[in-house]
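The residues making up each chain are set out below.
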Amino acid sequence: MSAALPYYLGCPSWSEAAWRATLYPQDTRPTEFLSRYTEVFNAVEGNTTFYAWPSEQTVARWAQVMPAHFRFCAKLPRDISHSEDLCQQLDEVTQFRQLLAPLGERVAPYWLQLPASFGPSRLAELAAFIEQWGDWPLAIEVRHPEFFAKGDAERMLNRLLHERGIERICLDSRALFSCDSQEPAVLHAQAKKPRLPTRPTAFSQGPQLRFIGHPELLANDPFMLPWLDKVAGWIEQGLSPYVFAHTSDNRLAPELARRFHEQLMQRLPGLPELPVLQIEPELEQLGLL
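In this text the structure is predicted, and so the values were computed from the model without any measurement.

Chemist: Before we go on, may I ask you to explain the layout of surface pockets in this structure?
Modeler: If you roll a probe as big as a water molecule over the atoms, it shows you where there is empty space left. Computed from the structure, the largest pocket encloses a volume of approximately 460 Å³. Taken together, 26 residues line the largest pocket, and the ones lying closest to its centre are Asn47, Tyr51, Lys192, Lys193 and Arg210. Every element with two or more residues in the lining of the largest pocket is listed here: helix H2 (47–51), helix H9 (184–192) and strand E8 (208–212). Grouping the constituent residues of the lining of the largest pocket by class yields 10 nonpolar, 9 polar and 7 charged. Two domains each donate at least three residues to the lining of the largest pocket, and these are domain 1 (7–21 + 169–277) and domain 2 (42–167).

Set out below in structure tokens:
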């Protein structure tokens, strides 16, 4: 992907074996997934770091493979984000940032995904944590209903983030919850993902969108439509938005991301196409004898 692309586009991860023969060539080895992924997309959600701290060796491999323009939105580990007091985790935050230091500016922004139990009563704690965070780029996802109620709690949260240039991550799960399928993957996703109003924000240079899609690609179009206009507008304003595409089991996440980009191209003439990897080996052409 060209480093000149004016926004960041990607999926929740790069390590999906199910993407063989769709995103990756059939014979792609797991150790090659990341390098192949970066040939198409220029960003990825750092879900892996939410569940487990990577080893130094793993980070070193990532640093060798990720291009300079690539963005890895590393989630703070859940033992930090889901702790009883964020401010008691500052030493762990420092250790985590030191662990990812070989990635340099490719880690941007860090993500703090707070649990639904993190409510207005902890805003002072969040403010104190942010005060100690430093200059590293940060985006925060909240899930408590009061932060979506358009009341004092939401206004205080938005003011806190806006004044410090910290992005409020928008998770849009409407397409997922519009699906009435009884497929286990869909039911699992609906049970796991939050169902909250959308809150498009641009508190920083990089607005953040997580789009949780319907398992039928075409069914996502009505829900993507306003986002296409919003993202195009942000780009025209000189911002660099991030868009991450999910589906219930993420098998179709790359196709959903590609569909978003193809439709965005219609709004922004001159936007380059996404690369397409050679899925099938090229047949050797036989010359005429």
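Having put the structure on the table, let's press on.
Chemist: What's the story with the sheet that holds strand E1 (residues 8–11) in this structure? I'm lost.
Modeler: Working definition: the strands of a sheet are paired by backbone hydrogen bonds and lie parallel or antiparallel to each other. In space, the 6 strands of this open sheet follow the order E3-E2-E1-E9-E8-E7, with parallel pairing throughout. In the strand order of this sheet, the two ends are held by strand E3 (71–74) and strand E7 (170–172), each with one partner. Here the strands of the sheet are splayed against their neighbours by 25 degrees on average, with no regard to which way each runs. Of the strand pairs in this sheet, strand E2 (residues 43–46) and E3 are connected by 4 bridges, and their pairing is parallel.

Chemist: Sorry, what's going on with the pairing of E1 here?
Modeler: A regular strand places its side chains so that they alternate between the two faces of the sheet. Because side chains alternate across E1, one face comprises the buried residues Tyr8 and Gly10, and the other comprises Leu9 and Cys11, equally buried. For the segment spanning E1, helix H1 (residues 33–40) and E2, crossover handedness is right-handed.

Chemist: I'm lost on empty space enclosed by the protein in this one. Help?
Modeler: For the coordinates displayed, the defined rule picks out 1 cavity of 30 Å³ or more. Estimated volume of the largest cavity: approximately 90 Å³.

Chemist: How should I be thinking about the pairing of strand E9 (residues 242–246) in this particular structure?
Modeler: For E9, a buried count of 5 out of 5 residues is recorded, marking the element as mostly surrounded by other parts of the structure. In E9, alternate side chains face the same way, and those of Tyr242, Phe244 and His246 on one face and Val243 and Ala245 on the other are all buried. Looking at chain direction, E1 and E9 are connected through 3 bridges and run parallel. Directly across from Gly10, in E9, lies its bridge partner Phe244. Bridge count for E8 against E9 is 5 bridges, and the pairing is parallel. Looking at the pairing, Arg210 lines up with Phe244 of E9.

Chemist: Help me understand the environment of Asp152 in this model?
Modeler: Relative to the helices and strands, Asp152 resides in helix H7 (residues 152–163). Here the alpha-carbon distance between Asp152 and Pro120, two residues 32 residues apart in the chain, equals 9.1 Å. Here the side chain of Asp152 touches Arg155 through a polar contact of 2.6 Å, side chain to side chain.

Chemist: Would you mind going over the environment of Arg159 with me for this structure?
Modeler: Note on placement: Arg159 falls in helix H7. In this structure, the C-alpha to C-alpha distance between Arg159 and Phe203, residues 44 residues apart in sequence, is 9.5 Å.

Chemist: Mind showing me how you'd approach the pattern of salt bridges here?
Modeler: Any two side chains of opposite charge can pair, so long as their charged atoms come close to each other. Scanning the model with the defined rule gives 14 salt bridges in all. Here Glu125 ties to Arg122 by a salt bridge, and the two come within 2.8 Å at their closest N and O atoms. Here Glu125 falls in the buried class, since its relative accessible area comes to 15%. For Arg122, a relative accessible area of 16% gives the class buried. Measuring nitrogen to oxygen at the nearest pair gives 2.6 Å for the salt bridge that ties Arg199 to Glu154. You can see Arg199 sitting in the loop between H9 and E8 and its partner Glu154 sitting in helix H7, a full 45 residues away along the chain. In this pair, the class of Arg199 matches that of Glu154, namely buried.

Conventions and cut-offs
- Residues numbered from 1 in each chain as written.
- Predicted model: local features only at pLDDT ≥ 70, side-chain atom pairs only at ≥ 80, totals over all residues.
- Heavy atoms only, no water.
- 1 Å grid on protein atoms, 1.4 Å probe; cavity = no way out; pocket = protein on both sides within 12 Å on 5 of 7 lines; lining within 4 Å.
- Points joined across faces, edges and corners; volume = space filled by probe spheres on them.
- Helix = DSSP H or I, 4+ residues; strand = E, 2+ residues; numbered from the N terminus.
- Nonpolar A, V, L, I, M, F, W, Y, C, P; charged D, E, K, R; others polar.
- Domains from an automatic or database assignment.
- Pairing = 2+ DSSP bridges.
- Axes fitted to C-alpha atoms, helices over the stretch in contact; angles between N-to-C directions.
- Buried < 20%, exposed > 50% of the residue type's maximum accessible area, 1.4 Å probe, protein only.
- Right-handed = clockwise from strand over helix to strand, strands pointing away.
- Polar contact = N/O pair within 3.5 Å; in protein donor to acceptor, adjacent residues only side chain to side chain.
- Salt bridge = Lys/Arg side-chain N within 4 Å of Asp/Glu carboxyl O.

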